[in-house]
Amino acid sequence: MSQATQKQQVREEQRQVQTVRNRVEKKFTRGEKYLITLIAIAIIVTAVLMVSNYASMYGQEQDISQLQSEINQQQQYNEGLEHQVSELSDPERILEIAQENGMELNEDNVTVLQP
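Values in this document were obtained by computation on a predicted structure and should not be read as measured data.

Reading the values: the criteria
Residues numbered from 1 in each chain as written. Predicted model: local features only at pLDDT ≥ 70, side-chain atom pairs only at ≥ 80, totals over all residues. Heavy atoms only, no water. Helix = DSSP H or I, 4+ residues; strand = E, 2+ residues; numbered from the N terminus. Buried < 20%, exposed > 50% of the residue type's maximum accessible area, 1.4 Å probe, protein only. Areas by Shrake-Rupley, 256 points an atom, 1.4 Å probe, with all protein chains shown as cover. Patch = residues over 30% accessible without salt bridge, like charges linked within 9 Å, V, L, I, M, F, W, Y side chains within 5 Å. Salt bridge = Lys/Arg side-chain N within 4 Å of Asp/Glu carboxyl O. pLDDT = per-residue confidence, 0-100. Lys, Arg positive; Asp, Glu negative; His and termini not counted. Charge placed at Lys NZ, Arg CZ, Asp CG, Glu CD.

> I would appreciate a short explanation of the overall build of the chain in the present structure.
A tally of helices and strands in the chain yields 3 helices and 0 strands. Reading the secondary structure of the chain in the N-to-C direction produces α-α-α. Looking at the 115 residues of the chain, the share that counts as buried comes to 1%. Per element, the accessible surface of the chain, about 11,500 Å² overall, is 55% carbon and sulfur.

Given below as structure tokens:
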């Protein structure tokens with residue numbers, strides 16, 4: 001072998017060694033590490049906030065459904081009371097109670113009121 005071929009082989013070996021070193025020595029810089037850490041923290045904080053918001057919404061939905069059921073119960077109770085009022089304010093019933101207590105109907109004193 002000639003010296004030129006030997007030198008060429010040595011150069012090729014040096015290039016291969018340098019390429020291997022370059023591949024191995026790729027590390028993150030300090031700024032990149034900070035950026036990656038900040039991004040990871042931002043992702044974690046965002047995830048925690050999303051979970052807490054969903055938990056809050058779930059709790060509020062439960063409160064709303066409970067209030068809605070209470071409203072329905074109160075409406076049914078009110079309807080029952082309105083029905084009772086209409087039964088108790090029946091003119092025939094009032095006239096009957098008045099006659100039991102000794103009152104008489106005087107047509108001249110009756111005044112009809114329009115609502």
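> Help me out: how do you make sense of a nonpolar patch on the surface in this one?
A cluster of nonpolar residues, Leu95, Leu105, Val110 and Val112, forms a patch on the protein surface that exposes about 360 Å² of accessible area. Assignment of secondary structure puts Leu95 in helix H3 (residues 91-100).

> Looking at this structure, how should I read the confidence of the model for the chain?
Should pLDDT be low for a region, the predicted coordinates there are not to be read in detail. Of all residues in the chain, 86% attain a pLDDT of 70 or more, and the chain-wide mean is 86. For the chain, the element scoring lowest by mean pLDDT is helix H1 (residues 3-24), at 65; helix H2 (residues 30-88) scores highest, at 96.

> How do you make sense of a negative patch on the surface when you look at a structure like this?
Taken together, Glu87, Asp90, Glu92, Glu96 and Glu100 make up a surface patch of like negative charges. At 3 residues, the largest contribution of residues to the negative patch is made by H3. On the secondary structure map, Glu92 appears in helix H3. Residue Glu92 is classed as exposed on the basis of its relative accessible area of 63%.

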